[in-house]
Amino acid sequence: MKTIGAEPGFVSGAPKLLLRLEGAALMATALFYYAQAGGDWGRFALLFLFPDLSLFAYLAGPRLGAIAYNLAHTTIGPFAYGVLGAATGQPLLMQIAAIHLAHIGFDRLLGFGLKYGVSFSATHLGPVGKAAPRTASLQARF
């Protein structure tokens, strides 16, 4: 039985909205921490898009591109090195973690989810970009 509004391979409807709002909350919290920690806003601007360098892995194909993108766009890494920074008294490491988390939250707010290895536009939050309709049918097979 097919659920109304649900597409195989990604979230839709109210859960998608909630995940995007979670992204906004993550970004807001990271920005708040960064400001409270006295982070340098020039550094913030310089590093905010740094995780998107992982997109260059798509030059090696969609599977490797998705792996690299997902590694750079999950919260596990920045939480881990943020905790390491807290444990070792390294505020710069904690601030870089906040920048990274703000980037991830911003991406989720915009609807950019974690990638499937079938194409660049196939994400867990639904297809993105011009290839979205074609990606939805491709994604449904996986």
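Please read all numbers here as calculations on a predicted model, not as lab measurements. (Residues numbered from 1 in each chain as written. Predicted model: local features only at pLDDT ≥ 70, side-chain atom pairs only at ≥ 80, totals over all residues. Heavy atoms only, no water.)

**Regarding the overall build of the chain**
Our working rule: Only DSSP runs of H or I covering at least 4 residues are called helices, and only runs of E covering at least 2 are called strands; the numbering of each starts at the N terminus. Burial status follows relative accessibility: with a 1.4 Å probe on protein chains alone, a residue under 20% of its type maximum counts as buried, one over 50% as exposed, and anything between as partly exposed. Note on definitions: a residue-residue contact is assigned when non-hydrogen atoms from the two residues lie within 4.5 Å. The Shrake-Rupley method, run with a 1.4 Å probe sphere, supplies the accessible areas, and residue values consider only the shown protein chains as cover.
Helix and strand counts for the chain stand at six helices and zero strands. What you see in the chain, going N to C, is helices and strands ordered as α-α-α-α-α-α. A total of 142 residues make up the chain; the buried ones form 35% of that total. Here the analysis covers contacts within the chain between residues at least 6 apart in sequence; of these, 57% occur between residues at least 24 apart. Per element, the accessible surface of the chain, about 8200 Å² overall, is 73% carbon and sulfur.

**Topic: the packing of helix 4 (residues 76–88) against helix 5 (residues 91–110)**
Convention followed: The axes used here are C-alpha line fits, helices contributing only the stretch in contact, and every angle between their N-to-C directions lies in the interval 0 to 180 degrees. Oblique is the label for any angle not under 35 degrees, not over 145, and not in the 65 to 115 range, which are roughly parallel, roughly antiparallel and roughly perpendicular in turn. Crossing handedness: left-handed means the near helix sits turned counterclockwise from the far one by under a right angle, and right-handed means the same turn made clockwise. Any residue that is not Ala, Val, Leu, Ile, Met, Phe, Trp, Tyr, Cys, Pro, Asp, Glu, Lys or Arg is counted as polar, Gly included; the first ten are nonpolar and the last four charged.
Relative to each other, helix 4 and helix 5 sit at 160°, their axes nearing to 8 Å. One way to sum up the angle between helix 4 and helix 5 is to call them roughly antiparallel. The handedness of the crossing between helix 4 and helix 5 comes out as left-handed. Every residue of helix 5 that contacts helix 4 at Pro78, Phe79, Tyr81, Gly82, Leu84, Gly85 and Ala86 is listed here: Leu93, Met94, Ile96, Ala97, His100, Leu101 and Ile104. Classifying every residue of the contact of helix 4 with helix 5 by side-chain character gives 11 nonpolar, three polar and no charged.

**As for a nonpolar patch on the surface**
Put simply, the rule reads: The patches described consist of residues with a relative accessible area above 30% and no salt bridge, like charges being joined within 9 Å and nonpolar side chains (Val, Leu, Ile, Met, Phe, Trp, Tyr) within 5 Å. Salt bridge, as used here, is a side-chain nitrogen of Lys or Arg placed within 4 Å of a carboxyl oxygen of Asp or Glu.
Among the surface-exposed residues, Phe50, Leu53, Phe56 and Leu59 lie close enough to one another that they form a single nonpolar patch of about 510 Å² accessible area. The residue Phe56 is located in the loop between helix 2 (41–47) and helix 3 (62–72) in this model. By relative accessible area, which is 58% here, Phe56 ends up exposed.

**As for the packing of aromatic side chains**
The line we're drawing: Whether two aromatic rings pair depends on their centres lying within 6.5 Å, for rings of Phe, Tyr and Trp, where Trp uses its six-membered ring; planes under 30 degrees apart make the pair stacked, over 60 edge-to-face, and the rest tilted. The criterion for a charge sitting over a ring is simple: Lys NZ or Arg CZ within 6 Å of the ring centre, and within 35 degrees of the ring normal.
In this structure the tally under the stated criterion is six aromatic pairs. Centre to centre, the rings of Tyr34 and Phe44 are 5.3 Å apart; their planes meet at 55°, and the pair counts as tilted. Taken as a pair, Tyr34 in helix 1 (residues 13–36) and Phe44 in helix 2 lie far apart in primary sequence, 10 residues in all. Comparing Tyr34 with Phe44, the two get one shared label, buried. Taken together, the ring pairs connect Tyr34, Trp41, Phe44, Phe48 and Phe106 into an aromatic cluster. The side chain of Lys115 reaches across the aromatic face of Tyr69, ending 4.8 Å from its centre. Note that Lys115 overlies the ring of Phe120, its terminal NZ or CZ placed 3.8 Å from the centroid.

**Some points on the side chain of Lys115**
Quick reminder of the rule: Each polar contact in these results corresponds to two N or O atoms within 3.5 Å; when the atoms are within protein, one needs to be able to donate a hydrogen and the other to accept it, and residues that are neighboring in sequence are counted only if both atoms are side-chain atoms.
By the element assignment, Lys115 lies in the loop between helix 5 and helix 6 (132–140). Here Phe120 takes part through its backbone oxygen, which lies 3.0 Å from a polar atom of the side chain of Lys115. Here Lys115 is in contact with Tyr58, Ala66, Tyr69, Asn70, Phe120, Ala122, Thr123 and Val128, once residues within four sequence places are set aside.

**Things to note about the nonpolar core**
Heads up, the rule is: Only buried Ala, Val, Leu, Ile, Met, Phe, Trp, Tyr and Cys residues count toward a nonpolar core, and they belong to the same one when joined by side-chain atoms within 4.5 Å.
Met27, Ala30, Tyr34, Phe44, Phe48, Ala98, Ile99, Leu101 and Ala102 together form the largest nonpolar core, which totals nine residues. Among the elements that line this core, the one with the most residues is helix 5, at four residues.

**Some details on the confidence of the model for the chain**
Put simply, the rule is: Scored from 0 to 100, pLDDT reflects the predictor's confidence in each residue.
This prediction gives the chain a mean pLDDT of 89; 85% of its residues lie at or above 70. Note that pLDDT drops below 50 for residues 1–6; the model gives that stretch three contacts with residues more than four away or on any other chain. Across residues 138–142, confidence stays below pLDDT 50; counting only partners more than four residues off in sequence or on other chains, it has 10 contacts.

**Quick word on the side chain of His73**
Note on placement: His73 falls in the loop between helix 3 and helix 4. We classify His73 as buried; its relative accessible area is 0%. Within the structure, the side chain of His73 is placed 3.2 Å from the side chain of Asp107, a separation counted as a polar contact. Discounting chain neighbours no more than four positions away, the residues touching His73 are Pro51, Asp52, Ser54, His103, Ile104, Asp107, Arg108 and Leu114.

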